[in-house]
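# Structural overview for review
Chain by chain, the residues:
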Amino acid sequence: MKQYADEDVVLKKFLLGELSAEEQVRVEERLFLDAEYFRQLRAAEDELIDEYLYEGLSAGERERFKDTFLTTPERRESLRVARALREYISRNPPPDPAKNHPLGFLFGRAPLLQLSLAALALLIVGGLAWLAFRRAGPPGPSPAPSVARQG
């Protein structure tokens, strides 16, 4: 896991143009030879775009993002699509699943009410179980049939 985290940092620096010339050549060679590393680069590009949109980059990183990362039409298009998706989601939040659930009236209520209803349900189930066992009677040997003696 740590290896991927370290690689993600290197790829982010690569995308922002923060690597030395030697490091940049090593990354480019590996991208050319390793398909998994290339997929990791694509994921790092998406993550960098998200960080930019959600203001997770420092001021310097934002400048390098604009000056270095957005130099290709594909990356500018990816940013445009991500921005449009973000705006769509902010205008159209996902529906609240509690509204469509048959017991939706219980969801979104105060935690104390939910806890009280859960306790009540446990009491009812416990009471019904107690009644069922009480009616069944205590377990034990069944009485032996009586035999009439003739005498």
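These numbers come from a predicted model, not from an experiment.

### Focus on the side chain of glutamate 7
Mapping glutamate 7 onto the fold places it in helix H1 (residues 2-15). Among the polar contacts listed, one links the side chain of glutamate 7 to the side chain of arginine 30, at a separation of 3.1 Å.

### Here we look at the side chain of glutamate 45
Summarising the element assignment, glutamate 45 is placed in helix H3 (residues 35-53). Of the polar contacts made by the side chain of glutamate 45, one reaches the side chain of arginine 75; its length is 3.2 Å. Apart from residues no more than four positions distant in its own chain, glutamate 45 is found in contact with Leu15, Phe69 and Arg75.

### Examining the packing of H3 against helix H4 (residues 59-67)
The relative placement of two packed helices is expressed as an angle between their axes plus a distance between the axes. Packing of H3 against H4 brings their axes to within 11 Å, and their N-to-C directions diverge by 125 degrees. For the element pair H3 / H4, the angle class is oblique. In this structure, the crossing between H3 and H4 has a hand that is left-handed. Residue-level contacts link Leu48, Ile49 and Tyr52 of H3 to Arg62, Phe65 and Lys66 of H4. Here the residues of the contact of H3 with H4 sort into four nonpolar, no polar and two charged.

### Side note on the packing of aromatic side chains
Overall, the coordinates contain two aromatic pairs when judged by the stated rule. Ring plane angle 15 degrees and centroid distance 4.2 Å describe the contact between tyrosine 52 and phenylalanine 65, whose orientation is recorded as stacked. Of the two residues, tyrosine 52 sits in helix H3 while phenylalanine 65 sits in helix H4, which places them 13 residues apart along the sequence. Across this residue pair, the class does not change: tyrosine 52 and phenylalanine 65 are buried.

Definitions and cut-offs
Residues numbered from 1 in each chain as written. Predicted model: local features only at pLDDT ≥ 70, side-chain atom pairs only at ≥ 80, totals over all residues. Heavy atoms only, no water. Helix = DSSP H or I, 4+ residues; strand = E, 2+ residues; numbered from the N terminus. Polar contact = N/O pair within 3.5 Å; in protein donor to acceptor, adjacent residues only side chain to side chain. Contact = heavy atoms within 4.5 Å. Axes fitted to C-alpha atoms, helices over the stretch in contact; angles between N-to-C directions. Parallel < 35°, antiparallel > 145°, perpendicular 65-115°, else oblique. Left-handed = near helix turned anticlockwise from the far one by under 90°. Nonpolar A, V, L, I, M, F, W, Y, C, P; charged D, E, K, R; others polar. Phe/Tyr/Trp six-rings, centres within 6.5 Å; stacked < 30°, edge-to-face > 60°. Buried < 20%, exposed > 50% of the residue type's maximum accessible area, 1.4 Å probe, protein only.

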